[in-house]
Amino acid sequence: SKEGYTHFMLKEIHESPIAVKDTISGFLNDMETVKEVAEEIRRANRIIVIAAGTSYHAGLYFSLLLNRKGYTAIPLIASEYYNIKLSKNDIVLAISQSGETLDVKMGIKKFKEEGAKIVSLTNVIESHIARESNYKLYMRAGPEIGVAATKTFTSQLASLLFLYSVIERESVDYLEKAHEVVRNVITETEGLAKKFGEELAKKSNIYYLGRGLGVPLAMEGALKIKEIAYIHAEAYPAGESKHGPIALVEKGFPVVFINYGELDDELEKNLQEMKARFAITYSISVNKKLNFSDFEILVNADERLSALAIAPIIQMIAYYAAVKRGYDPDKPRNLAKTVTVE
Ligand code: M6R
């Protein structure tokens, strides 16, 4: 049941803190598997991270974390699995909330035939993808009814941060507070996220920009608003504006900046470029705001948890935009919760 919430999507966003808490406890209880996976990843030649949609954005985030440390992680959109030929010491990480997405299954099948070991991160115990893998990591986000992935995305990010810290032999203590950060962010920003969403609801095109680790979150923000509010949105790394996309910007064009908390001086310049073309700028910042944004949401959080702080905000913005436009966010047209067709 919706337990008093108007939609499952909003209920599930509000369940994110508990989903993250349970996920982290689950990882702590299965440290043995996490350590084995970490060891496999440290030893691997390349890490192929295969996933679709929202799960791909979590995979991209994880790949960026690893690549910054000198690993070779290749984020792969599942339906494009044929573009990679595995070599001997490669390992595959499949990320899928449902564990049943056909494109991911097909990729796994090919990679197994090429001799790879498969690690899976799913939310559904003994799903197809979990069964097909050598190492099974589980999120414990609980069932997600809304078609739009919300608490499962935030739990994927928490799981992948956990795994990353173990790979790097760092303490995971900071993750024990992660659910509190998510809870505070939801409580503190829901009103502003509603305002952002209701403003954006009037638009027909939006850019979502970020830099570095903010890019996958910008991509997820754009996907969410497309799939439930039916507003065309595009995400790209902010530095690319001058290489083409800024041509589209005119008076009133909305640009949402995901200010992850790194590279903020560069992002500030990108914001100025947009404002010089009379764009309306919206920023979502962790710890330090962008100076000249027209609208802003600022949250404070441990910088290692920035992604977990931003995720519920972009989800609430999309939710309130959809509701304002009169759509049912739980049942977006043309979409199924689990995509088991090619
Ligand atoms: O179950 P999966 O994580 O494999 O699903 C992959 C995508 O279909 C899914 O993340 C989709 O993009 C979301 N429902 C969008 O909110």
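Quick summary incoming for the structure in this document.

Criteria and thresholds
Residues numbered from 1 in each chain as written. Predicted model: local features only at pLDDT ≥ 70, side-chain atom pairs only at ≥ 80, totals over all residues. Heavy atoms only, no water. Core = buried A, V, L, I, M, F, W, Y, C linked by side-chain atoms within 4.5 Å. Buried < 20%, exposed > 50% of the residue type's maximum accessible area, 1.4 Å probe, protein only. Helix = DSSP H or I, 4+ residues; strand = E, 2+ residues; numbered from the N terminus. Contact = heavy atoms within 4.5 Å. Near = heavy atom within 4 Å. Polar contact = N/O pair within 3.5 Å; in protein donor to acceptor, adjacent residues only side chain to side chain. Areas by Shrake-Rupley, 256 points an atom, 1.4 Å probe, with all protein chains shown as cover. Salt bridge = Lys/Arg side-chain N within 4 Å of Asp/Glu carboxyl O. Axes fitted to C-alpha atoms, helices over the stretch in contact; angles between N-to-C directions. Parallel < 35°, antiparallel > 145°, perpendicular 65-115°, else oblique. Nonpolar A, V, L, I, M, F, W, Y, C, P; charged D, E, K, R; others polar. Pairing = 2+ DSSP bridges. Right-handed = clockwise from strand over helix to strand, strands pointing away.

What follows deals with the nonpolar core. Of all hydrophobic cores here, the largest spans 89 residues; its most connected members are Phe62, Tyr208 and Ile225. Considering every element that reaches this core, the biggest residue donor is helix 11 (residues 306–324), with 14 residues. With residues near it in sequence (within four places) discarded, tyrosine 208 still touches Leu200, Ala218, Gly221, Ala222, Ile225, Ala233, Glu234, Ala235, Tyr236, Val256 and Ile317. By size, the runner-up hydrophobic cluster in this structure holds 15 residues, among which are Ile50, Tyr81, Phe111 and Ile129.

We now examine the site of the ligand. Close to the ligand lie 13 residues, the nearest being Ser55, Ser96, Ser98, Thr101 and Glu227. Contact distances for the ligand include 2.9 Å between a nitrogen atom and a backbone N or O atom of valine 147. Calculation on the ligand without its partners gives an accessible area of 410 Å², and the protein chains cover 90% of this total. When residues of the shell around the ligand are traced back to their parent elements, those giving at least two are helix 4 (53–68) and helix 9 (214–229). Among the elements that take part in the shell around the ligand, helix 4 stands out by supplying three residues, more than any other.

Let's shift gears to the pattern of salt bridges. Overall, the coordinates contain 23 salt bridges when judged by the stated rule. Taking the shortest distance from any N to any O, the salt bridge between lysine 112 and glutamate 132 comes out at 3.2 Å. Taken together, the residues lysine 112 in helix 5 (residues 102–113) and glutamate 132 in the loop between helix 6 (128–131) and strand 5 (135–138) connect sequence positions 20 residues apart. Salt-bridge contacts for lysine 331 lead to aspartate 328; the nearest nitrogen and oxygen are separated by 3.9 Å. Overlapping salt bridges, with partners in common, bring together Glu39, Glu40, Arg42, Arg43 and Lys117 in one network.

Once that is clear, we can look at the packing of helix 4 against helix 9. At their nearest, the axes of helix 4 and helix 9 sit 9 Å apart, and the two run at 170° to each other. Put simply, helix 4 runs roughly antiparallel to helix 9. Listed contacts from helix 9 to Gly53, Thr54, Tyr56, His57, Leu60, Tyr61 and Leu64 of helix 4 are Pro216, Met219, Glu220, Leu223 and Lys224. Counted by class, the contact of helix 4 with helix 9 contains seven nonpolar, three polar and two charged residues.

Turning our attention to the side chain of lysine 11. Relative to the helices and strands, lysine 11 resides in helix 1 (residues 8–14). Look past the residues within four positions of lysine 11 in its chain and what remains in contact with it is Ser1, Lys2, Glu3 and Tyr5.

As a further point, take the pairing of strand 7 (residues 232–237). Across six bridges, strand 6 (residues 205–210) lies against strand 7 in parallel orientation. Looking at the pairing, tyrosine 208 lines up with alanine 235 of strand 7. What joins strand 6 to strand 7 is helix 9, and the crossover it makes is right-handed.

To continue, consider the sheet that holds strand 7. The strand order across the open sheet formed by five strands is 7-6-8-9-10, and the pairing between neighbours is parallel. Since the sheet does not close on itself, it has two edges, and those belong to strand 7 and strand 10 (295–299), each with one partner. The average undirected angle you get between the axes of adjacent strands in this sheet is 15°. Across six bridges, the pairing between strand 8 (residues 254–259) and strand 9 (residues 280–286) is parallel. Considered in strand 9, the bridge of valine 255 is made with threonine 281. Together, strand 6, strand 7, strand 8 and strand 9 form the strand contacts of helix 10 (residues 264–276), whose direction differs from that of strand 8 by roughly 175°.

In short, geometric facts, not functional conclusions.
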